[in-house]
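Inside the fold
Here's the letter readout for the chains.
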Amino acid sequence: MAFHDTLVERHAGLWRRMLDHPFLLQARDGALTNETFNTWLRQDYLFVEAARPFLGCLVARGPERHRGPLGEALAALADELELFRERARALGVELGGEKPGLVNHAYVQFLLATGFRADYAEAFAVYYGAERAYHESWQVVREGLDPESPWQPFVENWAGDEFASFVAFLGEEVDRLAADASAEGRERMVRAFGTTVKYEIAFWEMALRGPGWFGIGALGGDG
Ligand code: MP5
């Protein structure tokens, strides 16, 4: 088995839990409320904005062969943020008026700490985890979402063929990095991937429960 699939296999229970998350199943089945979707929308907009330096860090730290493709992915985040703004306008949602919830804040801190301080291979495994997670999660939604739904552009963004090719490329590069890593280095990649999947589950859960901070509620937020 290729190492990129071993990453999922080693966390098969968590991966299944993520793909079976009620947010995704309800979105697929037409049972998700607009309010819950809009919570995800507002929080994920902040997440993508704040996570950009993580990818910038990979561009700077990675091997020369990653500079082009990851540089393009970084530039493409500007279009993705525009997609969020355009959809928010269409849905009558205000972006930027909300602070990052605890899960969002923690996930971003994890990305930045990993990007700046962990082995490059470990940080790359985290990036792969987040991108593959979104690819497969939105594929679940695609199975049942009405193609006319205002949420459909997000399905196309992450479940479509172009993103599938990018995730496949990342998988091949994960394999190359793993082949060059020590046994301990590969274990660090496995563990970091698992932490990423946990954050992905927590992020869907946050959309359902609300973006507050424990004990502080909506008064929370970053700063
Ligand atoms: C992604 C995302 C995908 N937007 N949000 C979360 C919580 N996880 C993964 O990353 P990208 O850079 O938007 O494709």
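This report concerns the structure included in the present document. (Residues numbered from 1 in each chain as written. Predicted model: local features only at pLDDT ≥ 70, side-chain atom pairs only at ≥ 80, totals over all residues. Heavy atoms only, no water.)

Focus: helix α9 (residues 161-180)
The α-helix winds at 3.6 residues per turn, so residues separated by three or four positions along the chain end up facing the same way. As a reminder of what qualifies: Helix and strand definitions follow DSSP, with helices as H or I runs of at least four residues and strands as E runs of at least two, each counted in order from the N terminus. Given the number of residues in a helix, its expected span is that number minus one, multiplied by 1.5 Å. The buried label goes to any residue with under 20% of its type's maximum accessible area, the exposed label to any with over 50%, and the partly exposed label to all in between, with areas taken from a 1.4 Å probe on protein chains only.
Compared with the 28 Å implied by 1.5 Å per residue over 20 residues, the 29 Å span of α9 between its first and last C-alpha is a close match. Within the span of α9, buried status applies to Phe163, Phe166, Val167, Leu170, Gly171, Glu173, Val174, Leu177 and Ala178.

Some details on the packing of aromatic side chains
Worth spelling out the cut-off: Think of it this way: a Phe, Tyr or Trp ring, Trp meaning its six-membered ring, pairs with another when their centres are within 6.5 Å, and the plane angle makes it stacked under 30 degrees, edge-to-face over 60, tilted otherwise.
Applying the stated rule across the entire model yields 30 aromatic pairs. With a centroid separation of 5.7 Å and 35° between ring planes, the pair formed by tryptophan 40 and phenylalanine 84 is classed as tilted. Taken together, the residues tryptophan 40 in helix α4 (residues 34-61) and phenylalanine 84 in helix α5 (residues 64-91) connect sequence positions 44 residues apart. With relative accessibility at 0%, the residue tryptophan 40 sits in the buried group. Within the aromatic cluster, the residues linked to one another by ring pairs are Phe23, Phe37, Trp40, Tyr45, Phe84, Tyr134, Trp138, Trp151, Phe154, Trp158 and Trp204.

Digging into the site of the ligand
Stated precisely, the cut-off is as follows: If a single non-hydrogen atom of a residue is within 4 Å of a molecule or strand, that residue counts as near it. Think of a polar contact as two N or O atoms within 3.5 Å of one another; within protein, one of them needs to be a possible hydrogen donor and the other a possible acceptor, and neighboring residues in sequence only count if both atoms come from side chains. When residues are grouped by polarity, Ala, Val, Leu, Ile, Met, Phe, Trp, Tyr, Cys and Pro land in nonpolar, Asp, Glu, Lys and Arg in charged, and all others, Gly among them, in polar.
Surveying the vicinity of the ligand reveals 13 residues, the closest of which are Asp44, Glu80, Glu131, Trp158 and Glu200. Aspartate 44 is positioned such that a nitrogen or oxygen atom in its side chain is 2.7 Å from a nitrogen atom of the ligand. Within the side chain of glutamate 200, a nitrogen or oxygen atom sits 2.6 Å from a nitrogen atom of the ligand. Sorting the residues of the shell around the ligand by element identifies α4, α5, α7 (120-142) and α10 (183-209) as the ones contributing at least two each. Looking at the shell around the ligand residue by residue, the class counts come to nine nonpolar, no polar and four charged.

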